[in-house]
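# Coordinate inspection notes
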Amino acid sequence: MHGGQKIKFPPAILAELGNDTTKATVCFYGHVDVQPAKKEDGWKSDPYTLTEVNGNLYGRGATDNKGPVLAWIHAIETYISLKKDIPVNIKFIIEGVEETGSPGLEELIKEHMDFFSDVDYVVISDNVWLSKKPALTYGTRGNAYFFVEVKSGKKDLHSGTFGGIIHESMRDLVYLLASLVDSTGRILIPGIYDDVAPVTEQEIHLYENIDFDIEEHKNNTEVNTFLYSSKEEILQRMWRYPSLSIHGIEGAFAGTG
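Residues numbered from 1 in each chain as written. Predicted model: local features only at pLDDT ≥ 70, side-chain atom pairs only at ≥ 80, totals over all residues. Heavy atoms only, no water.

As annotated in an unreviewed UniProt entry, the chain carries the name Carnosine dipeptidase 1 and is attributed to Staurois parvus.

Here it is as structure tokens:
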């Protein structure tokens, strides 16, 4: 964990229902941990007290990802209560450290290879709705993380005494980060687009019929404008092209005070 602290991998749930060899086996993945939240972050109610407002439930994890996990469980419960045959064998893996990158999950899966050996499909319901219609996500862009550190000296220096006569590491770091992307959002790292498949005419037509409201998306994100103006451009930049985000910059003294 941050700061070098080590904890045991929190208990994960492995569950299964059905072992009919004539049926496909579907494994549902979900997680029950959440990102930190405080009421002053903008919540109208305590984020850790599930609150009903106009028929909707609000609380930390209601959509990411406790609600979707419960939805699958309730669906299975409905099949059983109606005495209907479930068309697939079902397996579950539900864990509690997804929000920190799922450390230890790979080891857990390898330790239980027999449990997962007959899985034909994996369904992940940890996602957002693009519109009021359900949608299937069949691919993701993937992630690559990098940590960059720039050093210029061994101790903090007073800007009033030393400012203007030394290379300042924070300034150089910001310069480096700013050189990664231009003002249009295009990534300037050489070769990053080499493996991106060209957009085909067939794919362009697929975007035309997708239910997506740009203004509603702006309101949800609370921004005034996007880098792109058309629905097709926005969806392509969200889904098929590489993106680059910078998360967190620290420099010099970073404590309280």
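### Digging into the nonpolar core
In plain terms, the rule: The set of buried Ala, Val, Leu, Ile, Met, Phe, Trp, Tyr and Cys residues whose side-chain atoms join them within 4.5 Å is what this entry labels a nonpolar core. The classification of residues rests on relative accessible area computed with a 1.4 Å probe and restricted to protein chains. Under 20% of the type maximum is buried, over 50% is exposed, and intermediate values are partly exposed. Secondary structure follows DSSP: runs of H or I at least 4 residues long count as helices, runs of E at least 2 residues long count as strands, and numbering of each begins at the N terminus. Should any heavy atoms of two residues lie within 4.5 Å, those residues are counted as being in contact.
In this structure, Val26, Phe28, Val69, Ile76, Ile86, Ile90, Phe92 and Ile94 together form the largest nonpolar core, which totals eight residues. Among the elements that line this core, the one with the most residues is strand S5 (residues 89–95), at three residues. The residues touching valine 26, leaving out its near neighbours within four places in the chain, are Val88, Asn89, Ile90, Lys91, Tyr121 and Val123. Listed in part, the seven residues of the second largest apolar core include Tyr29, Leu105, Phe115 and Phe116.

### Some remarks on the environment of aspartate 120
How we decide: Two N or O atoms count as a polar contact when they lie within 3.5 Å, although within protein this holds only if one can serve as hydrogen donor and the other as acceptor, and sequence-adjacent residues are included solely when both atoms are side-chain atoms.
The residue aspartate 120 is located in the loop between helix H3 (113–116) and strand S6 (121–124) in this model. Filtering out sequence-adjacent residues up to four positions away, aspartate 120 remains in contact with Lys23, Ala24 and Thr25. In this structure the side chain of aspartate 120 is engaged in a polar contact, spanning 2.8 Å, whose partner is the backbone nitrogen of threonine 25.

### Considerations on the pattern of salt bridges
Which entries qualify depends on this criterion: A side-chain nitrogen of Lys or Arg and a carboxyl oxygen of Asp or Glu constitute a salt bridge if their distance falls within 4 Å.
Throughout the structure, instances matching the rule amount to six salt bridges. With a shortest N-O distance of 2.8 Å, lysine 91 and aspartate 118 are connected by a salt bridge. Here aspartate 118 lies in the loop between H3 and S6 and lysine 91 lies in strand S5, a separation of 27 residues in the sequence. Accessibility expressed as a relative area gives 38% for aspartate 118, which makes it partly exposed. Between lysine 110 and glutamate 106 there is a salt bridge, with its nearest N and O atoms 3.1 Å apart. Taken together, the residues span about one helical turn, with lysine 110 and glutamate 106 both in helix H2 (residues 105–111) at a distance of four residues. Note on lysine 110: relative accessible area 54%, which makes it exposed. Linked by salt bridges that have partners in common, Glu16, Lys91 and Asp118 make up one network.

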